[in-house]
Amino acid sequence: MQAACPDEVPLTPVGRLEAMQKRLEAMLEAANRVQPALDEFYATLSSEQKARFNTMPRTASQ
């Protein structure tokens, strides 16, 4: 994912849009790869654990 999200910002508007599209596609692919493991983990939780898991704050950090 880091390779798809370089630090440099393209100079042109078209270049910036293309870079953003590439980043979004990389994030979607990463989420799709993690989803089966998360589903498997979630299935092992008790009802109480699922309730607590569902109320966890959703944060994005870099």
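All residue numbers here refer to positions counted from 1 along the written sequence of the relevant chain. In keeping with the model being predicted, local features are shown solely for residues with a pLDDT of at least 70 and side-chain atom pairs are shown and tallied solely at 80 or more, while totals for entire chains, interfaces and linings include all residues. Derived side-chain values reflect all non-hydrogen atoms in the structure, with water molecules and hydrogen atoms excluded from consideration.

A. A look at the overall build of the protein. Of the regular secondary structure elements, the protein holds two helices and zero strands. In summary, the protein has a C-alpha radius of gyration of 17 Å against a globular reference of 11 Å for 62 residues, an excess of more than 25%. Its C-alpha atoms give the protein principal-axis dimensions of about 50 × 20 × 15 Å. Scored against the burial criterion, the 62 residues of the protein give a buried share of 8%. When the accessible surface of the protein is split by element, carbon and sulfur atoms take 58% of a total near 5,800 Å². For the purpose of charge, His is not counted, nor are the chain termini; Lys and Arg are scored as positive and Asp and Glu as negative. Taken as the charge centre is NZ of Lys, CZ of Arg, CG of Asp or CD of Glu, depending on the residue. When the 7 basic and 8 acidic side-chain charges of the protein are each reduced to a single mean position, those positions are 4 Å apart. Secondary structure elements are defined from DSSP: runs of H or I of at least 4 residues count as helices, runs of E of at least 2 residues count as strands, and each element is numbered from the N terminus. When we talk radius of gyration, it's over C-alpha atoms, and the globule rule is simply 2.2 Å times the number of residues to the 0.38. Three exposure classes are used, based on accessible area relative to the maximum for each residue type with a 1.4 Å probe and protein chains only: buried under 20%, partly exposed in between, and exposed over 50%. Here, Shrake-Rupley sampling with a 1.4 Å probe gives the accessible areas, and only protein chains in the shown set may cover a residue.

B. Main features of the packing of helix 1 (residues 13-43) against helix 2 (residues 47-54). With their axes 10 Å apart at the nearest point, helix 1 and helix 2 run at an angle of 135 degrees to one another. As far as their axial angle goes, helix 2 and helix 1 are oblique. Of the residues in helix 2, those in contact with Leu38, Phe41, Tyr42 and Ala43 of helix 1 are Lys50, Phe53 and Asn54. All amino acids are sorted into three groups, where Ala, Val, Leu, Ile, Met, Phe, Trp, Tyr, Cys and Pro are nonpolar, Asp, Glu, Lys and Arg are charged, and the leftover types, Gly among them, are polar. Of the residues assigned to the contact of helix 1 with helix 2, the class counts are five nonpolar, one polar and one charged. For every element, the axis is a line fit to its C-alpha atoms; helices are fit only across the contacting stretch, and the angle between N-to-C directions ranges from 0 to 180 degrees. Orientation categories follow fixed angle ranges, with anything under 35 degrees roughly parallel, anything over 145 roughly antiparallel, 65 to 115 roughly perpendicular, and all other angles oblique. We call two residues in contact whenever any of their non-hydrogen atoms come within 4.5 Å of each other.

C. Representation of the pattern of salt bridges in the model. We define a salt bridge as a contact between a side-chain nitrogen of Lys or Arg and a carboxyl oxygen of Asp or Glu at a distance within 4 Å. Summed over the entire model, instances satisfying the criterion amount to one salt bridge. The partner of Glu29 in a salt bridge is Arg33, and the shortest N-O contact between them spans 2.7 Å. On the criterion of helical spacing, the pair formed by Glu29 and Arg33 is a turn pair, its members being four residues apart in helix 1.

D. Spotlight on the environment of Glu48. Here Glu48 lies in helix 2. In the structure, Glu48 is positioned 23 residues away from Glu25 in sequence and 35 Å away in space, judged by C-alpha atoms.

E. Representation of the environment of Ala51. Along the chain, Ala51 falls in helix 2. In this structure the C-alpha to C-alpha distance between Ala51 and Ala26, which are 25 residues apart in sequence, comes to 30 Å.

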